[in-house]
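# Inside the fold
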Amino acid sequence: MSNIGIFEFQGKKYEFPVEIGTENEIAIDIKKLRGSTGGIITLDPGFKNTGSCKSKITFLNGEKGILRHRGYAIEDLAKKASFLEVAYLIIFGELPNKKQLEKFENDIKEKSLVDEEIKDILDGFPRSAHPMGVLSALTASLTAFHSHLTDVHSEEEIYSSITRLMGKFPVLAAWAHAKNEGTPLNYADNSLDYIDNLLMMMYKIPTTPYKGNPVIKKAMEELLILHQDHEQNCSTSTVRLVGSSHASLFASISAGVSALWGPLHGGANQAVIEMLEAIKEDGGDVEKFINKAKDKNDPFRLMGFGHRVYKNFDPRALIIKESADAVLAELGVDDPTLEIAKHLEETALKDPYFVEKKLFPNVDFYSGIIYRALGIPVEMFTVMFAIGRLPGWIAQWREMRLNSEPIGRPRQLYIGETKRDYVPMSKR
Ligand code: CMC
């Protein structure tokens, strides 16, 4: 079998190499398309068929519901590894040994202190500011406080940026939350591990001694691991695209946070809870909302359903659904939205509209129910997703840098006016 793709246009044949990935995925390499055909480009809005890079980080098979990081199954990683272990794996390519993990953890802890002047930036936001906007702005502000760390050609400086960002990002997230709550800002405590530290910074208030809860910690760690990477999704592609201009890691990740915020992407976890609440308020008629989602004249979509890549169960959703029952039972939380969610899922999965379009629950469908049971306010759901996704964004940014990928710059098909003469104001 020859690895050549042939494209024929107006009687002429053009040959392009075909590349085959380690999991037998096939890609036609059209790098030379425009040059060899004298200007023909491909048109693929939303990049539904476009591979933007070669990557060794995550393998995803949407038809079979497979997700693996660096070859390891997500089911194993979520149940058996720690958050930082998976982060190390995703960023550097191999599971760390004890010494490597300790060093990574200590380097992150060492960098967790945030410059006091960042509080002045936080002060400028209104108390009602959405924490995703605050997180994005504070992350971008790190470029000003660590401007010496922007040499994107130096592996040493990249490592320093990585540990700095891993250390400070949860602090900034907790501060965004404190801004909404009107509570004092907490600092990281380097005697705690990454997840305990995050939870402490989120929940500790000066009037009450803080005591961690192992059930909450375990559930949070699993959720964050499940979110770590998902190959070239919208926010990750944003991070790679911004980074391709040789912008710093902090600037690139800040853009990723903004991309994640939208309700079609990470913001869906907030939108799901709001939708389930709306169904509850409306009397719990699940069918009514399913019919709304099917109605082409109604912009309403079933939030937490459907995925660009998964045309079968999202493996992360399966794990989260199982955990939701266990976590709610362990914490003694009775949340009626869980029952509504299950009923909604059951009904949608029997409905020909959802079956034919292969729309299944995605990672965001049940995650909000767990976040809420863990005491996380709704506006913070997408921030938690961002904390989980941070290692993936970093890994993808680093891979893009190490591969010396070219600046991202798509083409377009111009469909506007052809040349016309300027019309003076008096004649318009
Ligand atoms: N409810 C109702 N109809 C839907 C839904 C939905 N949730 N999702 C897709 N469809 C329909 C859509 O109307 C279209 O119908 P038709 O072919 O008749 O025009 C068809 O299914 C294909 O949808 P699409 O919008 O072309 O697919 P896409 O790959 O561009 O979009 C998606 C994927 C995730 C944005 C979309 O399914 C969606 O809007 N889902 C709801 C939001 C959501 O849950 N987002 C989280 C995604 S997973 C986590 C993450 O990325 O952060």
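Further up the page is the structure itself.
Because the structure is predicted, anything quoted here is derived from the model rather than measured. (Residues numbered from 1 in each chain as written. Predicted model: local features only at pLDDT ≥ 70, side-chain atom pairs only at ≥ 80, totals over all residues. Heavy atoms only, no water.)

### Concerning a positive patch on the surface
As a reminder of what qualifies: Only residues whose relative accessible area exceeds 30% and that form no salt bridge enter a patch; like-charged residues are grouped when within 9 Å of one another, and nonpolar side chains (Val, Leu, Ile, Met, Phe, Trp, Tyr) when within 5 Å. Method for areas: the Shrake-Rupley scheme with a 1.4 Å probe, in which residue coverage is limited to the protein chains shown. Take a side-chain nitrogen of Lys or Arg and a carboxyl oxygen of Asp or Glu: if they are within 4 Å of each other, that pair is a salt bridge. Just so you know, the count uses Lys and Arg for positive and Asp and Glu for negative, and it drops His and the chain ends. Charge coordinates come from a single atom per side chain, which is NZ of Lys, CZ of Arg, CG of Asp or CD of Glu. In this description a helix means any DSSP run of H or I spanning at least four residues, a strand means any run of E spanning at least two, and both kinds are numbered starting from the N terminus.
On the surface, Lys48, Lys296, Arg301, Arg308, Lys311, Lys357 and Lys358 cluster together into a patch of positive charge. Following the sequence through the fold, Arg308 ends up in the loop between helix H13 (286-294) and helix H14 (315-331).

### Some thoughts on the nonpolar core
This is how it is decided: Definition of nonpolar core: a set of buried residues of the types Ala, Val, Leu, Ile, Met, Phe, Trp, Tyr and Cys, connected through side-chain atoms within 4.5 Å. Remark: exposure states derive from per-residue accessible area (1.4 Å probe, protein chains only) relative to the maximum for the residue type, with buried under 20%, exposed over 50%, and partly exposed in between.
Counting 110 residues, the largest nonpolar core has Met166, Phe169 and Ile253 as its most contacted members. Here this core takes 12 residues from helix H18 (residues 381-402), the largest share from any one element.

### Description of unusual backbone geometry
Backbone geometry at Phe47 places phi at a positive 50°, although glycine is not the residue there. Mapped onto the secondary structure, Phe47 falls in the loop between helix H1 (33-37) and strand S4 (58-61). With phi around 40°, Glu231 is a residue other than glycine that occupies positive phi space.

### A closer look at the sheet that holds S4
This is how the line gets drawn: DSSP bridges decide pairing: two strands pair if at least two such bridges lie between them.
Strand order in the open sheet formed by 3 strands is S4-S5-S6, with antiparallel pairing between adjacent strands. Of all strands in the sheet, those with a lone pairing partner are S4 and strand S6 (72-73), marking the two edges. Sheet topology note: the S4/strand S5 (residues 66-69) ladder contains 4 bridges and is antiparallel. Within the sheet, the bridge partner assigned to Leu60 lies in S5 and is Leu67.

### Some points on the pairing of S4
A two-sided burial pattern is seen for S4, the buried positions comprising Thr58 and Leu60 on one face and Phe59 and Asn61 on the other. Here S4 folds back onto S5 in antiparallel fashion, the turn holding 4 residues, of which Gly65 has a positive phi close to 70°.

### Describing a negative patch on the surface
Among the surface-exposed residues, Asp115, Glu117, Asp120 and Asp123 lie close enough to one another that they form a single negatively charged patch. Along the polypeptide, Asp120 turns up in helix H5 (residues 118-123).

### Brief notes about the sheet that holds strand S3 (residues 26-28)
What counts, and what does not: Every axis in this analysis is a line fitted to C-alpha atoms, fitted for helices over the stretch in contact. Angles between the N-to-C directions lie between 0 and 180 degrees.
Reading across the sheet, the 3 strands line up as S1-S2-S3 and stay open at both edges, with antiparallel pairing between neighbours. Both outer strands of the open sheet, strand S1 (4-9) and S3, are each paired with one neighbouring strand and no more. The sheet shows a mean angle of 30° between the axes of neighbouring strands, taken without regard to direction. Pairing geometry for S1 and strand S2 (residues 12-20), over 6 bridges, is antiparallel. The partner of Glu8 across the bridge, within S2, is Lys13.

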